[in-house]
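Summary of the model geometry
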Amino acid sequence: MTDQKDLSTRLIHTRSGGRHSPTVNPPLERGSTLLMPDIEALYRDSPSYGRGGLAVHRELEDGLCTLEGASFAQLTPNGLSACALAAASTVRAGDHVLVADNVYGPARRFCTRRLREMGVEATFFAARTPADDLAGLIRPNTRMIYLESPGSLTFELCDTPAIAALARSRNIITVLDNTWGCGAVHRPLELGVDISVQALTKYVVGHADAFGGAVLCRDKSIGAKITATAIDWGLSLAPDDAWLAVRGLRTLPVRLKAHGASATRIAGWLETQKGVAHVLHPGLESHPDHAIWQRDFSGATGLFGLVLEDAGPDGLQRFFGALSLFGFGFSWGGYESLAIPADPKFKRETGHPIEGDRDRLIRVHIGLEDTDDLIADLSAGLMALGD
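Okay, so let's go over this structure. (Residues numbered from 1 in each chain as written. Predicted model: local features only at pLDDT ≥ 70, side-chain atom pairs only at ≥ 80, totals over all residues. Heavy atoms only, no water.)

Some details on the overall build of the protein
Check the secondary structure of the protein and you find 12 helices and 11 strands. On C-alpha atoms alone, the protein measures out to a radius of gyration of 21 Å, which is about the 21 Å that the 2.2 N^0.38 rule sets for 387 residues. Projected onto the principal axes, the alpha-carbon positions of the protein cover approximately 75 × 55 × 40 Å. Across the 387 residues in the protein, those meeting the buried criterion constitute 55%. (Helix = DSSP H or I, 4+ residues; strand = E, 2+ residues; numbered from the N terminus. Rg over C-alpha atoms; globule rule 2.2 N^0.38 Å. Buried < 20%, exposed > 50% of the residue type's maximum accessible area, 1.4 Å probe, protein only.)

Here you go:
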């Protein structure tokens, strides 16, 4: 029978079956060497070495499977390693992959540099490409379609169910970077995607103090390939980072509701402000993919973009110089609000509607500060554009 309890309840009460500690949180075990009861167990029991993970890792894996509706989770040291593992475990030399052109920059680099060195060719396509048009790009040796929805700089959504159905009909594996939706507001495995990837560093950890990644799926054969590749690459997650991710997982739904509500209100306010040309938030009715967001997502998170009106060569400097609450830093998902100019990170091979405005593209992460205080801070930045 399907558990009908709310996700927030299930995340708090997901416990590893073999746990014997009386503490609310799992014990933090730091260990490389594990002592076995006899010599036969050295080669029989698993794990027999700390790299395979201990109690805290099992608890995190169980919680992530609950979060994403998965049956298998492979932990990695960070989000990029999770993206790389998901991609590389599905392909081999001579294969071809299709990659949405809005994906995370380091994942793009892995596809264009490392996969190429492995003998795998990548073709990029615009994220909004309809599945029927995408079918024309499939080759006999196409083995994977890699998606990110929404993209974490320009926030386009893919028609994920249609692309997943197309891929399944051609025996092609689909991978989706779900760091934005993180399982709490988006569950790609339920839409037909084969592999969901997360940078746990972002919303799961939630406090900007640890790294982590996860690759999740439902298919045993796919999971076996992911495990084998992770073992061959020597991937593991430090126990301290795993413990912090478990801690963050318990409060994820309530934190995400606050992030999403505040970000949606601020995005709506920004749409009405002088100095703002566009707001890139799929939860707004003005967003081109709003209908897909309503269909495939159950809420919003704290990350979105905006494009400033042309304020001259020093406009961005004046805008950022007037901010006092928004920090200038990479990553996102923590309790603190962040803002960065996105142009240096912007890379596209297929062209994009934002291309001509990219030098005025800003990405913001709305943290857990008071919403009115954040609006006042952004207002100061916009007022500085007129100076």
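Observations regarding the nonpolar core
Among the nonpolar cores identified, the biggest contains 48 residues, and I145, Y146, L147, V175, I195 and I226 are the most heavily contacted of them. The element best represented in this core is helix α4 (residues 79-88), accounting for 7 residues. Apart from residues no more than four positions distant in its own chain, Y146 is found in contact with C83, L98, V99, A100, V103, A107, V175 and D177. Grouped together as the second largest cluster of nonpolar side chains are 45 residues, L75, L157, C182 and L216 included. (Core = buried A, V, L, I, M, F, W, Y, C linked by side-chain atoms within 4.5 Å. Contact = heavy atoms within 4.5 Å.)

Here's the deal with the packing of aromatic side chains
Overall, the coordinates contain 4 aromatic pairs when judged by the stated rule. Here the aromatic rings of W180 and F297 are separated by 5.8 Å at their centres, their planes lie at 80°, and the arrangement is edge-to-face. With W180 in the loop between β5 (173-177) and β6 (195-199) and F297 in the loop between α10 (290-296) and β9 (303-308), this residue pair connects regions lying 117 residues apart in the sequence. Classification of W180 by relative accessible area gives buried; the value is 2%. Here the guanidinium or amino end of R108 rests over the ring plane of F124, the centre of that ring lying 4.6 Å away. Over the ring of W332 we find K202; its NZ or CZ atom is 5.6 Å from the centre of that ring. (Phe/Tyr/Trp six-rings, centres within 6.5 Å; stacked < 30°, edge-to-face > 60°. Lys NZ or Arg CZ within 6 Å of the ring centre and 35° of its normal.)

Topic: the sheet that holds strand β8 (residues 276-280)
One open sheet holds the 4 strands; their spatial order is β8-β9-β11-β10, and the pairing between them is antiparallel. Looking at the sheet topology across the chains shown, the edges are occupied by β8 and β10 (338-341). Across the sheet, the mean angle from the axis of one strand to that of its neighbour is 20°, orientation sign disregarded. The sheet contact formed by β9 and strand β11 (residues 361-365) spans 5 bridges and is antiparallel. What sits directly across from L306, in β11, is I362. Contacting β8, β9 and β11, helix α9 (residues 239-271) runs over the sheet at an angle of about 15° to β9. (Pairing = 2+ DSSP bridges. Axes fitted to C-alpha atoms, helices over the stretch in contact; angles between N-to-C directions.)

Re helix α12 (residues 371-384)
In a regular helix each residue adds 1.5 Å, so 14 residues correspond to 20 Å; α12 covers 20 Å between its end C-alpha atoms and thus fits that length. Residues T371, L374, I375, D377, L378, G381, L382 and A384 constitute the buried set of α12. Its buried side turned inward, α12 meets α9, β8, β9 and α11 (315-321). Sitting at the head of α12, D370 places a side-chain oxygen 3.0 Å from the backbone nitrogen of D372. (Expected span 1.5 Å × (residues − 1). Polar contact = N/O pair within 3.5 Å; in protein donor to acceptor, adjacent residues only side chain to side chain.)

Observations regarding unusual backbone geometry
A cis amide bond, omega 0°, links S149 with the succeeding residue P150. Along the chain, P150 falls in the loop between β4 (142-148) and α7 (160-169).

Description of the pairing of strand β3 (residues 121-125)
Looking along a regular strand, one sees side chains alternate from face to face of the sheet. Where strand β2 (residues 96-100) meets β3, 5 bridges bridge the pair, whose relative direction is parallel. Paired with V99 across the bridge in β3 is F124. Each parallel crossover has a hand, and the one from β2 via helix α5 (residues 105-117) to β3 is right-handed. (Right-handed = clockwise from strand over helix to strand, strands pointing away.)

With respect to the pattern of salt bridges
On inspection of all chains with the given rule, the structure shows 14 salt bridges. In this structure, R30 engages D240 in a salt bridge whose closest nitrogen and oxygen atoms are separated by 2.7 Å. Of this pair, R30 sits in the loop between α1 (7-13) and α2 (41-44) while D240 sits in helix α9, and the two are 210 residues apart along the sequence. Residue D372 is joined to R265 by a salt bridge in which the shortest nitrogen-to-oxygen separation is 2.5 Å. Placement of D372 in helix α12 and of R265 in helix α9 is noted, with a sequence separation of 107 residues between them. One continuous salt-bridge network, built from bridges that share partners, spans D159, R295 and D296. (Salt bridge = Lys/Arg side-chain N within 4 Å of Asp/Glu carboxyl O.)

Details of the sheet that holds β3
If you walk across this open sheet you meet the 7 strands as β1-β7-β6-β5-β4-β2-β3, and the pairing is mixed. Edge positions in the sheet fall to β1 (72-76) and β3, since each has one partner strand and no second. Strand-to-strand twist of the sheet, defined as the mean angle between neighbouring strand axes without regard to direction, takes the value 20°. Helix α3 (residues 55-68) contacts β1, β6 and β7 (213-217) of the sheet and is inclined by roughly 125° relative to β1. Set on the sheet, α5 makes contact with β2, β3 and β4; between it and β3 the angle comes to about 145°.

As for the side chain of E148
Within the secondary structure, E148 sits in strand β4. Buried E148, no salt bridge; nearest opposite-charge side chain is R363, N-O distance 7.3 Å. A distance of 3.1 Å separates a polar side-chain atom of E148 from the backbone nitrogen of S152. If near-sequence neighbours (up to four positions away) are discounted, E148 is found in contact with A100, N102, V103, Y104, E156, C158 and D177. (Lys, Arg positive; Asp, Glu negative; His and termini not counted.)

Details of the side chain of T129
You can see T129 is positioned in the loop between β3 and α6 (131-134). Taking relative accessible area as the criterion, T129 reaches 15% and is therefore assigned buried. Only 2.6 Å separates the side chain of T129 from the backbone oxygen of A126, close enough to count as a polar contact.

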